[in-house]
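Structural overview
Below are the chains, spelled out letter by letter.
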Amino acid sequence: DALSGLDDAAMSATVKVESVAQLVPLDFQDKSGREIFLAVGKGAEAGKSCLLPYSTAAATRVDELAGTLYYHTIDKAEGTIVSYMVAAAHPTDKGCYTSSVVASAVLAPGDEKIVDVAYRNAEEKVNSPAEILGDDSLLLKYLNPHLVAVVTEGALAAPSNASDASTALYVSLVDTVSARVLHRVQHVTASGPASIVMSENWVVYSYWNTKAHRTELSALALYEGMIDTYGLNPFKVPEQQATFSSFTAPAPVVMQRTFIFPRAITSLAVTVTARGITSKNLLIGLESGQVASLHRRFIDPRRPNGKPSKTEMMEGLMTYSPYLPIIPFAMVTVNGSVMGLEDIHATSAVIESTSLVLSQGIDMFFSRVTPSKTFDLLAADFNRPMLLMLLAGLTTALVMTKGMDKRKKLAMAWK
C-alpha cells in the first residue's frame, strides 16, 4: 500500500505481471482514496481484466457497470485497436471479469507503423461546451470522451514511378468504443519525429516535412454543429439528443490549418487549470531543451486568410500566417534548458490562473505558467497597509454611524 507502506495481499491482481497488456484507469476511487485500475490481460488471457487494487466496494461498482463499461487496447506492433465491453464476473478468479469484443479496426495498414498516441488529460475541465462567435451564434464543440488520436507513418509510392517511394504521415481520430475512424489526415512527404497532443475539441501535432526540410505544426478543431444568433431563446430550443452513443453519433466537422515552426520539436503538451476558465496555451518542447509557450489563438484553424471581419475581430481572430513566432518572453524555462528533453507534464494548481509544468529529460525543470496572467492573485507591490487602513477606517465609521443612528432614534421616541 503506497499510503501506509504495508504489504496488502488484497491489492494483488490475479493476472500475472508478464501477461498484463495495460492498466485501464477507472473514474472512481475506493474508500481509501486509491485510484482503481483494470489490469487487462494479453495473449491467452486477452479479454480478461482484474481490479487493481481489489476491494469489495470497487468490485460492487464494477458489477453495477457491467454491460456499460468499455475499454480498449492498441497494439502498436500490429497497428490495431480492439474495443472490449466488461460482460460479467469471471467464473473462478475473484475480482476479475470476462470481456467481449465489441469492435476492432486496423489503424496502420500495410507497412505503416504507429508513431504516437494521444488522449485527453484526465484532469482537464471543459468550461464551456460551445464557442461564442462575434455575432452571438454558438459553435458547438465536439467533446467525445472516447476519442483518441493516433499518428502512423508509412511509405508512399510516387504515381510516376512506383520505385520512387517517400514517407507519409497519417493522423487518425478514432472512437475507442466503436473503433470507428472519424477522421483521417494524410501528409505527403512527411515523417517523424512526430508529437501529438489533444485538448477539449482540438488536436495539435508536429512533424518533419522531408521535401521543404522544415518542422510543421498542424491543428485540427472538431465541431458537431452550430446554433445561429436567434436559434436559442426562451421560445425556441434546437433539437438535440439527450444521450450520446459512439455507435450512432455523426462524425465531427473538422477544420484544419498547417503552420511552419522555426525550430525542431521534441514534445507537445497543453496547460491545465483547476476549472478550465483560463485560456489554454500550447507547450512546445524544443530540441535545444527549452520549452516555449504559445497561445492557442496562434494555431486556431479558424484564422481567416484575409483581413478579419468585425465579428472575427471581436473573437480575437488574427489573419492567417503560415509562420508561427517564438516569443522570448514566453519561454517556460526562461533562459535555461533541459538536457535531453523528452516529455512535458502539466497539471492544475489550487488557484485557477496557474498551471504547473514539469519538463522531463536527463534534467528536470519545474515552473508555473499563467496563460491569462495572475487575475486571481494580488500583485507583489500591492499596498497592503493602505488596505488595512481603509478597512479600519470603514469599520470605525460604521460603528460611529450606528451609534449616531441609535441616539437619533431614541431622541425621536421621546418627542
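For the structure given in this document, a descriptive report is provided here. Please read these numbers as outputs of a predicted model, since none were measured by experiment. (Residues numbered from 1 in each chain as written. Predicted model: local features only at pLDDT ≥ 70, side-chain atom pairs only at ≥ 80, totals over all residues. Heavy atoms only, no water.)

1. Section: the overall build of the protein chain
When its secondary structure is counted, the protein chain shows three helices and 22 strands. Taking the principal axes of the C-alpha coordinates as reference, the protein chain spans close to 105 × 60 × 55 Å. Counting every position in the protein chain, which comprises 415 residues, the buried fraction comes to 40%. Long-range contacts, defined as pairs at least 24 residues apart, comprise 55% of the intrachain contacts of the protein chain with a sequence gap of at least 6. Looking at the protein chain as shown, the accessible area adds up to about 23200 Å², and 58% of this sits on carbon and sulfur atoms. Averaged over its 36 positive side-chain charges, the protein chain has a centre that lies 12 Å from the centre of its 40 negative ones. (Helix = DSSP H or I, 4+ residues; strand = E, 2+ residues; numbered from the N terminus. Buried < 20%, exposed > 50% of the residue type's maximum accessible area, 1.4 Å probe, protein only. Contact = heavy atoms within 4.5 Å. Areas by Shrake-Rupley, 256 points an atom, 1.4 Å probe, with all protein chains shown as cover. Lys, Arg positive; Asp, Glu negative; His and termini not counted. Charge placed at Lys NZ, Arg CZ, Asp CG, Glu CD.)

2. Some details on unusual backbone geometry
Glycine aside, residues mostly have negative phi angles, and peptide bonds mostly take the trans form. Here Leu52 and Pro53 are connected by a cis peptide whose omega angle stands at -5°. Position of Pro53 relative to the elements: it lies in the loop between strand S3 (48–52) and helix H1 (56–65). At the junction of Gly192 and Pro193, the peptide bond is cis and its omega measures out at 10° in the coordinates. Relative to the helices and strands, Pro193 resides in strand S13 (residues 190–199). Its identity is not glycine, yet Asp136 carries a phi of approximately 70°, on the positive side. As for its placement among the helices and strands, Asp136 is situated in the loop between strand S8 (130–132) and strand S9 (138–141). Residue class for Asp136 comes out exposed when judged on its relative accessible area of 53%. If you check the backbone angles, Glu200 has positive phi at about 50° while not being a glycine. Tracing the sequence through the fold places Glu200 in the loop between S13 and strand S14 (202–209). Relative accessible area serves as the criterion here: at 8%, Glu200 is assigned to the buried category.

3. Focus on the side chain of Thr273
Note that Thr273 resides in the loop between strand S17 (265–270) and strand S18 (281–286). What makes Thr273 buried here is its relative accessible area of 6%. From its side chain, Thr273 meets the backbone nitrogen of Gly276 in a polar contact 3.3 Å long. Excluding its chain neighbours within four sequence positions, the residues that come into contact with Thr273 are Thr278, Ser348, Glu352, Thr354 and Ser355. (Polar contact = N/O pair within 3.5 Å; in protein donor to acceptor, adjacent residues only side chain to side chain.)

4. Re helix H3 (residues 384–413)
For H3, with 30 residues, the first-to-last C-alpha span of 44 Å sits near the 44 Å given by 1.5 Å per residue. Counting buried positions along H3 yields zero of 30 residues, so the element is predominantly exposed. Among the residues of H3, the N-terminal cap falls to Asn383, whose side-chain oxygen and the backbone nitrogen of Met386 are separated by 3.2 Å. (Expected span 1.5 Å × (residues − 1).)

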